[in-house]
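If you want the building blocks of each chain, they are given just below.
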Amino acid sequence: MVVTVKPVTPSQAGPEVRPIYDRLKAEHMMVPVFFQAMAHVPHLLASLMRRMGRMEKGVTLSASLKDLVHYATAHEFSCSYCTGSAMMTLRINGYSERAIASLKNRSEAMEFDANTRRLLSFARLLARNPDRVTPAEIVELRSAGLTDEKIISALALVAESGFNTRITGTLAIEPEGFLKAANSPLGRRLLIPIFRLM
């Protein structure tokens with residue numbers, strides 16, 4: 001059963017939430033609706049922000065690998081909100097429509113190197129069937145040149161994505177209008193170039 005809640009809009013934010021919203025506005029020029037939903041429990045929102053900040057700083061994957069893992073896991077979790085956000089990020093960071101389509105179709109052979117493909121396969125397996133991850137999977141990642149540090153980083157990113165997806169899916173949080181617009185054919189031509197300048 002899907003349960004929806006009304007977001008706590010910036011005008012409704014209390015004293016515990018306003019500083020968090022100010023930070024989000026400074027970083028994103030708006031308060032994403034995901035955080036507005038979480039603001040019903042201010043201390044949980046604050047904890048979430050701290051954890052996300054530590055995750056961003058602590059994960060040792062390159063920025064490009066983070067983007068790819070975020071998209072692959074969001075797509076695997078069938079989260080329209082997270083997938084829309086990750087897809088826009090890929091476009092802003094210069095990934096071609098062909099590369100994005102290959103991620104969506106799980107057919108990256110011609111777009112990414114072997115190590116990246118192996119990491120994406122691992123991330124998808126973690127998202128879809130974590131109980132099927134075996135020591136052999138880890139051995140394969142190591143043989144592909146991935147250190148234990150990077151393997152743990154990928155695991156942490158997938159777990160974080162799973163947490164966020166459960167919230168957005170259960171609360172039926174839909175992508176903001178600008179996300180839908182940016183991922184539309186017209187938005188790709190008009191909005192993505194503007195976002196790249198921000």
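Below is a summary of the structure that appears in this document. (Residues numbered from 1 in each chain as written. Predicted model: local features only at pLDDT ≥ 70, side-chain atom pairs only at ≥ 80, totals over all residues. Heavy atoms only, no water.)

**Some details on the pattern of salt bridges**
Working step 1: Within this structure, the stated rule accounts for 11 salt bridges.
Working step 2: A salt bridge links R124 to E76; its shortest N-O distance comes to 3.9 Å. Note that R124 is positioned in helix 7 (residues 114–128) and E76 in helix 4 (residues 63–76), a separation of 48 residues in sequence.
Working step 3: The exposure class of R124 is buried, given its relative accessible area of 6%.
Working step 4: E76 sits in the buried class, given a relative accessible area of 13%.
Working step 5: Taking the shortest distance from any N to any O, the salt bridge between R118 and E137 comes out at 2.6 Å. Note that R118 is positioned in helix 7 and E137 in helix 8 (residues 135–143), a separation of 19 residues in sequence. Comparing R118 with E137 shows no difference in burial state: the two are buried.
Working step 6: One salt-bridge network, in which partners are shared between bridges, spans E76, R106, R124 and R128. (Salt bridge = Lys/Arg side-chain N within 4 Å of Asp/Glu carboxyl O. Helix = DSSP H or I, 4+ residues; strand = E, 2+ residues; numbered from the N terminus. Buried < 20%, exposed > 50% of the residue type's maximum accessible area, 1.4 Å probe, protein only.)

**Observations regarding helix 3 (residues 42–58)**
Working step 1: With 17 residues, helix 3 extends 24 Å between its outermost C-alpha atoms, agreeing within 8% with the 24 Å of an ideal straight helix rising 1.5 Å per residue.
Working step 2: Every buried residue belonging to helix 3 is among L45, L48, M49 and M55, and all of these are buried. The buried residues of helix 3 all sit within an arc of 130° when viewed along its axis, so they share a single face. Those residues of helix 3 that are exposed and angled more than 90 degrees off the buried face are H43, R54 and K57.
Working step 3: At its buried positions, helix 3 is contacted by helix 1 (18–28), helix 2 (33–38) and helix 9 (148–170). (Expected span 1.5 Å × (residues − 1). Arc of directions from axis to C-beta. Contact = heavy atoms within 4.5 Å.)

**Topic: the packing of helix 4 against helix 5 (residues 80–92)**
Working step 1: Close contact between helix 4 and helix 5 brings their axes to 8 Å; oriented N to C, the two are set at 150°. By the criterion of interaxial angle, the relationship of helix 4 to helix 5 is roughly antiparallel. Read as a crossing pair, helix 4 and helix 5 show a hand that is left-handed. Touching D67, L68, H70, Y71, A74 and H75 of helix 4 are C82, T83, A86, M87, T89 and L90, all from helix 5.
Working step 2: Looking at side-chain class alone, the contact of helix 4 with helix 5 contains 7 nonpolar, 4 polar and 1 charged residues. (Axes fitted to C-alpha atoms, helices over the stretch in contact; angles between N-to-C directions. Parallel < 35°, antiparallel > 145°, perpendicular 65-115°, else oblique. Left-handed = near helix turned anticlockwise from the far one by under 90°. Nonpolar A, V, L, I, M, F, W, Y, C, P; charged D, E, K, R; others polar.)

**Overview of the packing of aromatic side chains**
Working step 1: Inspection of the entire model under this criterion finds 2 aromatic pairs.
Working step 2: Seen from their ring centres, F34 and F35 are 5.2 Å apart, and the 80° between their planes marks the pair as edge-to-face.
Working step 3: A residue is classified by how much of its surface remains accessible, and F35, at 8% relative accessible area, is buried.
Working step 4: Consider the rings of Y95 and F112, whose centres lie 6.4 Å apart with planes at 50°: the pair is tilted. Within this pair, whereas Y95 is found in the loop between helix 5 and helix 6 (97–104), its partner F112 is found in the loop between helix 6 and helix 7, the two being separated by 17 residues in sequence. Of the two residues, Y95 and F112, both sit in the buried class.
Working step 5: Over the ring of F163 we find R51; its NZ or CZ atom is 4.4 Å from the centre of that ring. (Phe/Tyr/Trp six-rings, centres within 6.5 Å; stacked < 30°, edge-to-face > 60°. Lys NZ or Arg CZ within 6 Å of the ring centre and 35° of its normal.)

**Overview of the side chain of T116**
Working step 1: Along the chain, T116 falls in helix 7.
Working step 2: Here T116 falls in the buried class, since its relative accessible area comes to 11%.
Working step 3: If near-sequence neighbours (up to four positions away) are discounted, T116 is found in contact with L65 and L68.

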